[in-house]
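Examining the three-dimensional arrangement
Letter by letter, the chains look like this.
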Amino acid sequence: MKRNYMNPYVAGVMLGLVLLLAMYLSGRGLAASGGIKYCVVSLVGNLSEKHASQSVYYSKYFEDGQKPLKNWLPIEMFGILAGGFISGAVSGRLKFRIEKSPKISSTRRLVLAFLGGICFVYGAQLARGCTSGAALSGMAVLSLGGFVTMAAIFGSAYLFAFIFKRNWI
Amino acid sequence: MGPISSLPGFPAWLDLLFAFVIGTGFGFALEQAGFSSCRKLTGMFYGYDTTVIKVFFTAAIVALVGSQFLAYFGLLDLSLVFVNEYYINAALIGGVIMGAGFILGGYCPGTGLSALSIGKIDALFYALGGLTGAFLFAETYPAIVGIANAASRGPVRINEILGLSPGVFTFLLIGAAVCMFWIAEIAERKFARPEITREL
């Protein structure tokens, strides 16, 4: 049976405690885009060792025979997938489907989702963190960069939401 | 005294185990909050569902207050907890690109992974886009490294800039959050879209 989502304030307390645990155990915040980066670095290293070793960007992840996936960020990212799956299972929400506004086609939704993923992770690499690593975790340690990144993401999102209104409502 | 992984002789493999446990808790909390639904997330920008701001600020404040209490009781050395560095241009330009990605794709990376984990096909395409985005960044890195590293201010804290103690700033932030929650509750009634929220 499908169960309702948790009360947002209760879910916020739970998320905050997980973030506090990350700070206490590992001295870090929560992250998502960083793990995606490590997956790409590992993939490129497997496909073309030459390209990875010659690039200023990739080569630093392979120094001293390091394995990119054997790092804190990618392992935490695999944990996100596991935790989301457990939550979906206990709340009866595991289901293959495309979520979208009835006003747009599935193809349009999937193309926009792909483009959105490109933009978000590209921007996150530039800003050294996404909503999790820069905005949420940054705010929790009072990082000025975290507050500015949060304002830039949400502020510009309101502008883009106005422009792309037809895709959602 | 925390962080535990900074204790002398702490094994690296155990920190990786922490990473998996923390990630699992993170993914679980995101999904329980409803962040695996793109139409719930984008509701924040059209006003019909403001779960995002409620969860986001509650979580930040719990971690902020909690860490200061742990530090006060000598259980956590905050100087050993990572503080994001501030690169003015990168934060602003990167933030705007992320804002565009949020509205195009309907997710941010963490929530996209949460949606992928329960079988959302759109989140699969979002994640593939994310891998592509990281690849494009790596390939264009030599051209963009100037912007990425410009105007660095180091790991500066917002309360220092404002000349406030961490405690006073935290109180002000809690006050601001309560006001935002109040506005959010009003917005949800004013911009209600029952035909969307019923499906979520």
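The notes below deal with the structure included here. (Residues numbered from 1 in each chain as written. Chains lettered and ligands numbered in written order. Predicted model: local features only at pLDDT ≥ 70, side-chain atom pairs only at ≥ 80, totals over all residues. Heavy atoms only, no water.)

Considerations on a nonpolar patch on the surface
Operational definition: Patch membership requires more than 30% relative accessible area and the absence of a salt bridge. Residues of like charge join within 9 Å; the nonpolar side chains Val, Leu, Ile, Met, Phe, Trp and Tyr join within 5 Å. Each accessible area is a Shrake-Rupley result for a 1.4 Å probe, and residues are judged covered by the shown protein chains and nothing else. By convention in these notes, a salt bridge is any Lys or Arg side-chain nitrogen within 4 Å of a carboxyl oxygen on Asp or Glu. Strands here are runs of E lasting at least two residues and helices are runs of H or I lasting at least four, both read from the DSSP assignment and numbered beginning at the N terminus.
The grouping of F85, I86, V90 and L94 of chain A at the surface amounts to a nonpolar patch, some 340 Å² of accessible area in total. Within the secondary structure layout, F85 of chain A lies in helix 5 (residues 72-90).

A look at the interface of chain B and chain A
Convention followed: Contacts: residue pairs with any heavy atoms within 4.5 Å of one another. What counts as buried area is the accessible surface, traced by a 1.4 Å probe, that two parts surrender upon association, with contributions from both included. Polar contacts here mean pairs of N or O atoms no more than 3.5 Å apart (in protein, one a potential hydrogen donor and the other a potential acceptor; neighbouring residues in sequence count only if both atoms are side-chain atoms). Polar here means any residue other than Ala, Val, Leu, Ile, Met, Phe, Trp, Tyr, Cys and Pro, which are nonpolar, and Asp, Glu, Lys and Arg, which are charged; Gly is therefore polar.
With 120 residues of chain B in contact, the opposing surface of chain A contributes 116 residues. Taken together, the two surfaces of chain B and chain A that pack against each other cover about 10,700 Å², and 75% of this comes from carbon and sulfur. When the buried surface of chain B facing chain A is broken down by residue, F26, M98 and L104 of chain B rank first, second and third, together holding 7% of it. Taken together, chain B and chain A are joined by three salt bridges. A salt bridge links E99 of chain A to K120 of chain B; the shortest N-O distance between them is 3.1 Å. If you look at where chain B meets chain A, you find 41 residue pairs in polar contact (both at pLDDT 80 or more). Looking at which element gives the most residues to the side of chain B that touches chain A, the answer is helix 6 (residues 121-149) of chain B, with 22 residues. A per-class count over the side of chain B that touches chain A returns 75 nonpolar, 33 polar and 12 charged.

Describing the packing of helix 6 (residues 106-127) of chain A against helix 6 of chain B
Stated precisely, the cut-off is as follows: Axis geometry follows a simple rule: fit a line to the C-alpha atoms, using only the stretch in contact for helices, then measure angles between N-to-C directions, giving values from 0 to 180 degrees. The hand of a helix crossing depends on one turn: near helix anticlockwise from the far one by less than a right angle means left-handed, and clockwise means right-handed.
Contact pair helix 6 of chain A / helix 6 of chain B: the axes reach a minimum separation of 6 Å and the direction vectors enclose 35°. Relative to helix 6 of chain B, helix 6 of chain A is oriented so that their crossing is right-handed. Looking at side-chain class alone, the contact of helix 6 of chain A with helix 6 of chain B contains 18 nonpolar, eight polar and two charged residues.

Remarks on the layout of surface pockets
Note the following rule: Cavity: a set of points on a 1 Å grid over the protein atoms alone where a 1.4 Å probe fits but cannot get out. Pocket: an open set with protein on both sides within 12 Å along at least five of seven lines, its lining residues, like those of a cavity, having an atom within 4 Å of a point. Grid points are joined across faces, edges and corners, and a volume is the space filled by probe spheres set on the points.
Here the largest pocket is characterised by a volume of approximately 930 Å³. Forming the walls of the largest pocket are 43 residues, and the residues nearest its centre are K37, L73, R128 and G129 of chain A together with F82 of chain B. The set of elements that each furnish at least two residues to the lining of the largest pocket consists of helix 1 (8-26), helix 2 (33-47), helix 6, helix 7 (131-140) and helix 8 (144-163) of chain A together with strand 1 (86-87), helix 4 (88-105) and helix 6 of chain B. Counting residues per element, the lining of the largest pocket draws most heavily on helix 6 of chain B, which supplies five residues. Split by residue class, the lining of the largest pocket holds 25 nonpolar, 13 polar and five charged.

Here we look at empty space enclosed by the protein
To find the voids left in a structure, one rolls a probe of water-molecule size over its atoms. By the definition in use, this model includes two cavities of 30 Å³ or more. Taken together, 14 residues make up the lining of the largest cavity; nearest its centre are T131 of chain A together with F35, F56, C108 and T111 of chain B. With three residues, the top contributor of residues to the lining of the largest cavity is helix 7 of chain A. Its residues placed into classes, the lining of the largest cavity shows 11 nonpolar, three polar and no charged. By volume, the second largest cavity amounts to about 40 Å³. What lines the second largest cavity is simply I36 of chain A together with P109, G112, L113, A123, Y126 and A127 of chain B. Broken down by secondary-structure element, the contributors of at least two residues to the lining of the second largest cavity are helix 5 (109-117) and helix 6 of chain B.

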